[in-house]
Amino acid sequence: MDFGIGYFPTGDAVAPDELARMVEERGHESLFFAEHTHIPAGRETPYPAGGELPRKYSHTHDLFVALTAAAAATSRLRIGSGICLVVERDPIITAKEVASIDRLSGGRFEFGVGAGWNREEMRNHGTDPRTRMRLFGERIEAMKAIWTEEEATYHGEFVDFDRIWCEPKPVQRPHPPVLIGGNGPTVIDRVLAHGDAWFPNFGRAGDVLERVPELRARAERPIDVMIMTAPADAGVLERFRQAGCRRVVRWVPSAGRAQIEAALERWEAAIAELTGEA
């Protein structure tokens with residue numbers, strides 16, 4: 001089981017490249033950046049974790065700019081989106097961004113994707129929340145066509161284009177791993193249809209580990225389970241290991257270096273206790 005870090009790369013906290021160097025030097029396997037293009041000031045959708053929406057949601061750098069900085073600053077670290085809100089993105093542009101960063105990083109990119117929860121944010125991008133899951137599926141399918149076909153074509157309800165050339169292609173073949181985020185009632189359907197892994201948040205909508213047997217029983221191909229929002233608790237990490245999770249990721253605060261280092265030390269202590277190295 002591998003161990004990674006999640007981060008909202010805000011403009012007033014440790015920069016993406018500095019954090020990536022720190023995470024790589026400390027021996028972590030991966031680093032994932034969150035994405036929100038903006039947060040509507042007139043909010044209606046409740047924050048899924050409850051309470052007030054944290055400030056970091058409206059202060060992040062552009063996802064792919066931050067990932068590029070992290071990739072350029074490191075040589076071994078897996079870097080990824082945690083998650084990319086593809087229902088708010090043009091699929092042709094996003095496919096090119098994914099392929100570009102995969103090439104520039106030497107094949108180290110992981111494409112975490114989701115349909116999002118903030119309905120006002122989606123609407124500002126022209127997305128109808130009622131049809132966002134169908135839109136999500138089509139955009140993933142269209143991007144896979146662009147990555148794998150010399151002359152890509154896609155005709156759907158929401159995405160439609162005839163033969164296009166779009167280079168470069170990703171280093172990883174057939175494409176970077178697609179990690180499907182989400183905890184909703186139909187998420188396993190989306191994982192089976194589009195994903196290389198399920199990448200849910202732990203602690204939301206019940207215990208995600210209870211759904212892992214269903215995923216494995218229904219899957220006709222290997223699909224990894226990766227947990228986001230893992231606690232710094234060796235006992236819980238052991239549950240993840242027993243469930244066969246491929247990777248677990250712990251958020252660190254969008255803050256100064258001292259606060260982030262303290263959070264990393266707590267995470268590393270839990271890992272050491274789990275592995276018997278404490």
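Above this text you will find the structure in question.
Q: Quick one: what's the story with helix α5 (residues 132-148), residue by residue and with numbers?
A: Between the first and last C-alpha of α5 there are 24 Å, a value that for 17 residues agrees with the 24 Å anticipated at 1.5 Å per step. Burial runs high along α5: 12 of the 17 residues are buried.

Q: So what about the packing of helix α1 (residues 16-25) against helix α9 (residues 257-275)? Which residues, and what values?
A: Viewed as axis vectors pointing N to C, α1 and α9 meet at an angle of 30°, and their least axial separation amounts to 12 Å. Compared by their axis directions, α1 and α9 come out roughly parallel. Relative to α9, α1 is oriented so that their crossing is right-handed. In this structure, α1 uses Glu18, Leu19 and Met22 to contact α9, whose residues at the interface are Arg257, Ile260, Glu261 and Leu264. A per-class count over the contact of α1 with α9 returns 4 nonpolar, no polar and 3 charged.

Q: Can you explain the pattern of salt bridges? Please cite residues and give values.
A: Under the counting rule described, the total for this entry stands at 19 salt bridges. For the salt bridge of arginine 246 with glutamate 29, the shortest nitrogen-to-oxygen distance reads 3.8 Å. Of this pair, arginine 246 sits in the loop between α8 (234-242) and β10 (247-251) while glutamate 29 is found in the loop between α1 and β2 (30-33), placing the two residues 217 residues apart along the sequence. Note on glutamate 29: relative accessible area 16%, which makes it buried. Note that arginine 218 is salt-bridged to aspartate 189, the shortest N-O span being 2.7 Å. A residue pair is termed long-range when its members are at least 10 positions apart, and arginine 218 in helix α7 (residues 212-218) and aspartate 189 in helix α6 (residues 187-194) qualify at 29 residues.

How each quantity is defined
Residues numbered from 1 in each chain as written. Predicted model: local features only at pLDDT ≥ 70, side-chain atom pairs only at ≥ 80, totals over all residues. Heavy atoms only, no water. Helix = DSSP H or I, 4+ residues; strand = E, 2+ residues; numbered from the N terminus. Expected span 1.5 Å × (residues − 1). Buried < 20%, exposed > 50% of the residue type's maximum accessible area, 1.4 Å probe, protein only. Axes fitted to C-alpha atoms, helices over the stretch in contact; angles between N-to-C directions. Parallel < 35°, antiparallel > 145°, perpendicular 65-115°, else oblique. Left-handed = near helix turned anticlockwise from the far one by under 90°. Contact = heavy atoms within 4.5 Å. Nonpolar A, V, L, I, M, F, W, Y, C, P; charged D, E, K, R; others polar. Salt bridge = Lys/Arg side-chain N within 4 Å of Asp/Glu carboxyl O.

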